[in-house]
Amino acid sequence: MSAKFDLNDDGVVVVIGSGAGGGTLSNELAQKGINVVCLEAGGRHLPQDYQNDEWGSFGQISWLDARTTSGDWRVAKDFSGLPAWIVKAVGGSTVHWAGASLRFQEHEFKTQTVYGNVHGANLLDWPIGLSELEPYYAKAEAKMGVTRTNGIPGLPGNNNYKVFEAGAKKLGYKKVHTGNMAINSQPRDGRPGCQQVGFCFQGCKFGAKWSSAYTEIPKGEATGHLEVRPNAHVLKIEHDKSGKVTGVLYADSDGNKHLQKARIVAVAGNSIESPRLLLNSASSMFPDGLANSSGQVGRNYMRHMTASVYGVFDKPVRMWRGTTMAGIVQDESRHDPSRGFVGGFEFETLSLGLPFMAAFLNPGGWGREFTTALDSYENMAGMWLVGEDMPQETNRITLNHDVKDQYGLPAPNVHFDDHPNDIAMRNYAWKKGAEIYDAVGATRTFPTPPYPSTHNLGTNRMSAKARDGVVNKWGQTHDIPNLFVSDGSQFTTGASENPTLTIVSLAIRQADYIAREMAARTI
Amino acid sequence: METITSSKGISRRELLKRCMVVGAGLAVGTGFVAGSTATWAMETKYVAPKEMAALIQMARDIYPHNHVADQYYAAAVKGFDSEESKARIADGVAALDAAAQGRGYADYLSVPWELERVEILRGMEQSSFFQTMRGNLVTGLYNNKEVWPLFGYEGESYSKGGYINRGFDDITWV
Ligand SMILES: Cc1cc2nc3c(=O)[nH]c(=O)nc-3n(C[C@H](O)[C@H](O)[C@H](O)COP(=O)(O)OP(=O)(O)OC[C@H]3O[C@@H](n4cnc5c(N)ncnc54)[C@H](O)[C@@H]3O)c2cc1C
Ligand code: SF4
């Protein structure tokens, strides 16, 4: 039975957001018998509501509140009001996500030490290393049912994968497989195996893909210790004279405002909304926003070095059939500065339906150069390139006081300039991606620019010292002991891997810490 | 498409009598645009039929696909036939025609080569008229489920049980 807590109950943990971070934390705490109120800005949408329709689904569950952009990234020009493609719904972006679940590598926790001084980059070592996270990676993989872990077989490769695999092997790549995916390759945890529907980005209608919406959330609710309030948009975090947080102000679906009291507040609104909420919670005691004594809230915004390559062949591929992210090449994810950049990247297959392909292949493109590409849609294969980007202090989320959201609060502005390392890596990755397709006879390849950000990281980063970041190694803010950050904004650096497995692992670990500290009455 | 009729009610010969061919494949009559062989016709309420014909041509020139018939381009721009777009469309088409006249043609629809029409469009690429047209076409044209099969795209697959037994890995040439 789902719990129901009083607004004045000041013993609860309030979790803001129900995605990878917030959904996991809520469930983990509830499993330990800790009372949790999870406030989620979006509505509750379950597999029966998901649509096998790209624009239909986009309109149904995307975060479409006012946002602005600046900087030299192409997204600011092509999608100026849509810096990021993320979800506003119970389950957060785990409704959209593709399921790639990779552990970070040892050196990726120590980039300042390993990469050295990279001009213009605000590199910092994580206050934790791989060995500290390994037991939690194992728990997260078991929870999410990641393929090629826990004896779970890999998924079968679809057409898009077969083209990709053949090309990669011809080039001599060795670590080529159908991925570590949080998608059931066989029935598990009350959910069926993947039916190769091909609309993973639009929400898995079979529930084969792990999503907080129909795993963590109902499991937490079943304990009787979790109440999820959908359509509850948090506007401000309140604090008392001692500087401890006391509750949050939120608006319900009718715009009515409520104050939910709390013993602890955990922010997990994804890396644009989380820092924005801390900044919007400024008070006379904290004029620069909550937990911002370092001035790092909102800074070091990372989005991964991303890009895509689409290849056209003389025969059909029909890449849209089956798992969207159907395989990976990992050979380039090593750190090897001889390639002209620090850090590494992954190749992962990707497909877009015709409607999204028209919008994202070359945004703004038109004429025969563009349309002859789409004429070959059936003969296209696609891959995504995802690598480590450099944290830069000037890449940041700020409050845009000229643009207000539906509650009259300043909208977030997302500023991003590519670092020269990001550009060097992208150019190299585009070239190698095209070579993969050329090796199996592509007649034309397209180096496709980054989409609006799906991986948003780093804006409340973890640091050993309070002056270098916003949270400590437990995601607890340096400034306010009962205020936590529980999403990807904690990342000190981004690594080359997709972030969600690490977000979930950190949330499981954070739940242990919060439970321990609550029991010890230190928070 | 409800308003794009296959000239039901009246014969193609009748329809052809009532209209005038204005450009490659397009004809206009009082209150409607049609294919010049009268296989389809679309009524217009606010935008002059000749202006709508220019928009259809412009849509094809922006996103030319030889295997996509005019009626789909017509469907993609049909939304501009509204009270609020009327003036903007009249101005935009007037600009297209003026550019064509500068090259010695009667109007945009009379420019015979796509290449030359594209040069005209390049000249106004930054205008809000062009940008609005192009932006709307991305969904107007490519998000039309009737257009998808022309590109081989199969759309929704959940109701058919996905592709697990329907060729997700049926490629034979790699
Ligand atoms: C198309 C797509 C594909 C992806 N594929 C992969 C992949 O294969 N592998 C991978 O690792 N990652 C992938 N990702 C990224 C992954 O989805 C995110 O990393 C992850 O979901 C982030 O978790 P989070 O908890 O930080 O935020 P989210 O999951 O986005 O959750 C944040 C939640 O907070 C809510 N919220 C925000 N502000 C407020 C507020 N003020 N009040 C109340 N609620 C609020 C939001 O509505 C949202 O539900 C993908 C993302 C997308 C969009
Ligand atoms: S391909 Fe598999 S994981 Fe993706 S939506 Fe379909 S059933 Fe779900």
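Predicted model only: the values in this text are computed from it and were never measured. Along each chain, numbering runs from 1 in the same order as the chain's sequence is written. To label them, take the chains in the order written and letter them from A, then take the ligands in the order written and number them from 1. Per-residue local features are limited, in this predicted model, to residues with pLDDT of at least 70; the limit for side-chain atom pairs, both in listing and counting, is 80 or more; totals at the level of whole chains, interfaces and linings are taken over all residues. No hydrogens and no water enter the side-chain calculation; it runs on all heavy atoms of the structure.

## Concerning the site of ligand 1
Residue and element names in this part refer to chain A.
For step 1, the next point in the chain: G21, E40, S93, N270 and T500 are the nearest of the 39 residues found near ligand 1.
For step 2, the next point in the chain: N or O atoms within 3.5 Å of each other form a polar contact, as long as, within protein, one can give a hydrogen and the other can take it, and as long as residues adjacent in sequence are counted only when both atoms are side-chain atoms. With respect to ligand 1, the backbone of A41 contributes an N or O atom lying 3.0 Å from a nitrogen atom.
For step 3, the next point in the chain: One of the side-chain nitrogen or oxygen atoms of T500 is found 2.8 Å away from a nitrogen atom of ligand 1.
For step 4, the next point in the chain: Per-residue and other accessible areas were derived by the Shrake-Rupley procedure at a 1.4 Å probe size, with only the shown protein chains allowed to occlude residues. Protein coverage of the free-state accessible area of ligand 1, which is 990 Å², stands at 98%.
For step 5, the next point in the chain: A helix here means a DSSP run of H or I that spans at least four residues, while a strand means a run of E at least two residues long, and both kinds are numbered starting from the N terminus. Listed by contribution, the elements that provide at least two residues to the shell around ligand 1 are α1 (20-31), β6 (233-239), α8 (270-280) and α12 (500-519).
For step 6, the next point in the chain: Here the residues of the shell around ligand 1 are counted per class, giving 18 nonpolar, 17 polar and four charged. Here, proximity means that at least one heavy atom of the residue falls within 4 Å of the molecule or strand. Under the scheme applied, nonpolar residues are Ala, Val, Leu, Ile, Met, Phe, Trp, Tyr, Cys and Pro; charged residues are Asp, Glu, Lys and Arg; polar residues are all the others, including Gly.

## Things to note about the packing of aromatic side chains
Residues and elements named next belong to chain A.
For step 1, the next point in the chain: Pairing of aromatic side chains requires ring centres within 6.5 Å, counting the rings of Phe and Tyr and the six-membered ring of Trp. Pairs whose planes differ by under 30 degrees are stacked, by over 60 edge-to-face, and all others tilted. Tallied over the full model, the rule gives 34 aromatic pairs over all chains.
For step 2, the next point in the chain: Consider the rings of W126 and F491, whose centres lie 5.4 Å apart with planes at 55°: the pair is tilted. Taken together, the residues W126 in the loop between α4 (111-115) and α5 (130-144) and F491 in the loop between β17 (483-485) and α12 connect sequence positions 365 residues apart. Taken individually, W126 and F491 each receive the classification buried, so the pair is uniform in this respect.
For step 3, the next point in the chain: Seen from their ring centres, F345 and Y428 are 6.0 Å apart, and the 75° between their planes marks the pair as edge-to-face. Placement of the pair is F345 in strand β12 (residues 345-349) and Y428 in helix α11 (residues 420-438), with a sequence separation of 83 residues.
For step 4, the next point in the chain: Only protein chains enter the accessibility calculation, which uses a 1.4 Å probe; a residue whose area is less than 20% of its type maximum is buried, one above 50% is exposed, and one in between is partly exposed. By relative accessible area, which is 0% here, F345 ends up buried.

## Some thoughts on the packing of α5 of chain A against α12 of chain A
Residues and elements named next belong to chain A.
For step 1, the next point in the chain: Axis geometry follows a simple rule: fit a line to the C-alpha atoms, using only the stretch in contact for helices, then measure angles between N-to-C directions, giving values from 0 to 180 degrees. For the pair α5 and α12, interaxial distance at closest approach is 8 Å and the crossing angle is 110°. With respect to each other, α5 and α12 are oriented roughly perpendicular. Residues E132, L133, Y136, Y137, K139, A140, E141, K143 and M144 of α5 pack against T500, L501, T502, V504, S505, L506, I508, R509 and D512 of α12.
For step 2, the next point in the chain: Among the residues making up the contact of α5 with α12, the classes are represented as nine nonpolar, three polar and six charged. Any angle from 65 to 115 degrees is called roughly perpendicular, while one under 35 is roughly parallel, one over 145 is roughly antiparallel, and all others are oblique. By the convention used here, residues are in contact when the closest approach between their heavy atoms is within 4.5 Å.

## A word on the site of ligand 2
For step 1, the next point in the chain: As a matter of local geometry, ligand 2 sits amid I183, C194, Q195, Q196, V197, G198, F199, C200, C204, K209 and T323 of chain A.
For step 2, the next point in the chain: Grouping the amino acids of the shell around ligand 2 by side-chain chemistry returns six nonpolar, four polar and one charged.

## Here we look at the packing of helix α2 (residues 49-62) of chain B against helix α6 (residues 128-142) of chain B
Residue and element names in this part refer to chain B.
For step 1, the next point in the chain: It is at 11 Å that the axes of α2 and α6 come closest, and there the two elements cross at 70°. Relative to α6, the element α2 is oriented roughly perpendicular. Every residue of α6 that contacts α2 at L55, M58, A59 and I62 is listed here: F129, F130, M133, R134 and L137.
For step 2, the next point in the chain: Of the residues that constitute the contact of α2 with α6, the class distribution is eight nonpolar, no polar and one charged.

## Considerations on the sheet that holds strand β1 (residues 13-16) of chain A
Residue and element names in this part refer to chain A.
For step 1, the next point in the chain: Between any two strands, pairing holds if DSSP finds at least two bridges. With parallel pairing, five strands are arranged side by side in an open sheet as β5-β2-β1-β9-β17. Since the sheet does not close on itself, it has two edges, and those belong to β5 (226-229) and β17, each with one partner. Neighbouring strand axes in the sheet, compared pairwise and without regard to direction, differ in orientation by 20° on average.
For step 2, the next point in the chain: Sheet topology places β1 next to strand β2 (residues 36-39); four bridges connect them, and they run parallel. Paired with V14 across the strands is V37, a residue of β2.

## Some details on the pattern of salt bridges
For step 1, the next point in the chain: Basic side-chain nitrogens of Lys or Arg form a salt bridge, by our definition, when they fall within 4 Å of a carboxyl oxygen of Asp or Glu. Per the stated rule, a full pass over the model turns up 40 salt bridges over all chains.
For step 2, the next point in the chain: Of the charged contacts in the structure, one is a salt bridge between E132 of chain A and K473 of chain A, with a shortest N-O distance of 3.3 Å. Of the two residues, E132 of chain A sits in helix α5 while K473 of chain A sits in the loop between β16 (444-448) and β17, which places them 341 residues apart along the sequence.
For step 3, the next point in the chain: Residue classification places E132 of chain A among the partly exposed positions, given a relative accessible area of 29%.
For step 4, the next point in the chain: Of the charged contacts, one joins R368 of chain A and E114 of chain B as a salt bridge, the two residues approaching to 2.6 Å between their closest N and O atoms. Taken as a pair, R368 of chain A in helix α10 (residues 368-375) and E114 of chain B in helix α5 (residues 114-123) lie in two separate chains rather than in one.

## Concerning the sheet that holds strand β13 (residues 380-387) of chain A
Residues and elements named next belong to chain A.
For step 1, the next point in the chain: Judged by pairing direction, the sheet is antiparallel, and its six strands sit side by side in the order β4-β11-β12-β13-β10-β16 without closing on themselves. The sheet is open, and its two borders are formed by β4 (176-177) and β16, each paired with just one other strand.
For step 2, the next point in the chain: Relative to β13, β12 runs antiparallel, the two being bridged by five bridges. Looking at β13, one finds that T349 is bridged to M383.
For step 3, the next point in the chain: Each of β10 (305-312), β12, β13 and β16 is contacted by α11, which is oriented at about 20° to β10, the strand it contacts most.

## Concerning the interface of chain A and chain B
For step 1, the next point in the chain: Taken residue by residue, the interface counts 42 residues in chain A and 40 residues in chain B.
For step 2, the next point in the chain: Put simply, buried area is the surface a 1.4 Å probe can reach on two separate parts but cannot reach once they are joined, added for both. A combined buried area of about 3,600 Å² lies between chain A and chain B, and 62% of that area is made up of carbon and sulfur atoms.
For step 3, the next point in the chain: Area buried by chain A at its contact with chain B is led by R321, W366 and R368 of chain A, which between them contribute 23% of it.
For step 4, the next point in the chain: Where chain A touches chain B, the interface holds four salt bridges.

## Description of the environment of I328 of chain A
Residues and elements named next belong to chain A.
For step 1, the next point in the chain: Turning to its location among the elements, I328 is positioned in strand β11 (residues 328-329).
For step 2, the next point in the chain: The class for I328 is buried, based on a relative accessible area of 3%.
For step 3, the next point in the chain: For the pair formed by I328 and K236, sequence separation is 92 residues and the distance between their alpha carbons is 41 Å.
For step 4, the next point in the chain: Setting aside residues no more than four positions away along its own chain, I328 makes contact with L102, Y161, F164, K175, V176, H177, G179, E346, F347 and E348.

## Looking at the pairing of β10 of chain A
For step 1, the next point in the chain: Burial runs high along β10 of chain A: eight of the eight residues are buried.
For step 2, the next point in the chain: Burial of β10 of chain A is two-sided: the residues M305, A307, V309 and G311 of chain A facing one way and the residues T306, S308, Y310 and V312 of chain A facing the other way are all buried.

## Quick look at the confidence of the model for chain B
For step 1, the next point in the chain: Per residue, pLDDT captures the predictor's confidence, and it can take any value from 0 to 100. For chain B, mean pLDDT is 92; residues scoring 70 or higher make up 94% of the total.
For step 2, the next point in the chain: Across the whole predicted complex the pTM is 0.97, and at the interface the ipTM reaches 0.93.

## Focus on the side chain of K143 of chain A
Residue and element names in this part refer to chain A.
For step 1, the next point in the chain: With respect to the helices and strands, K143 occurs in helix α5.
For step 2, the next point in the chain: Looking at K143, its side chain comes within polar contact range of the side chain of E28, at 2.6 Å.
For step 3, the next point in the chain: Discounting chain neighbours no more than four positions away, the residues touching K143 are T24, N27, E28, R188, D189, W210, E216, V504 and I508.

## A closer look at the environment of E154 of chain B
For step 1, the next point in the chain: Mapped onto the secondary structure, E154 of chain B falls in the segment after α6.
For step 2, the next point in the chain: For E154 of chain B, a relative accessible area of 30% gives the class partly exposed.
For step 3, the next point in the chain: Setting aside residues no more than four positions away along its own chain, E154 of chain B makes contact with R318, W320 and R321 of chain A together with K160 and Y163 of chain B.
For step 4, the next point in the chain: Of the polar contacts made by the side chain of E154 of chain B, one reaches the side chain of W320 of chain A; its length is 2.8 Å.
For step 5, the next point in the chain: Within the structure, E154 of chain B has its side chain in polar contact with the side chain of Y163 of chain B (distance 3.4 Å).

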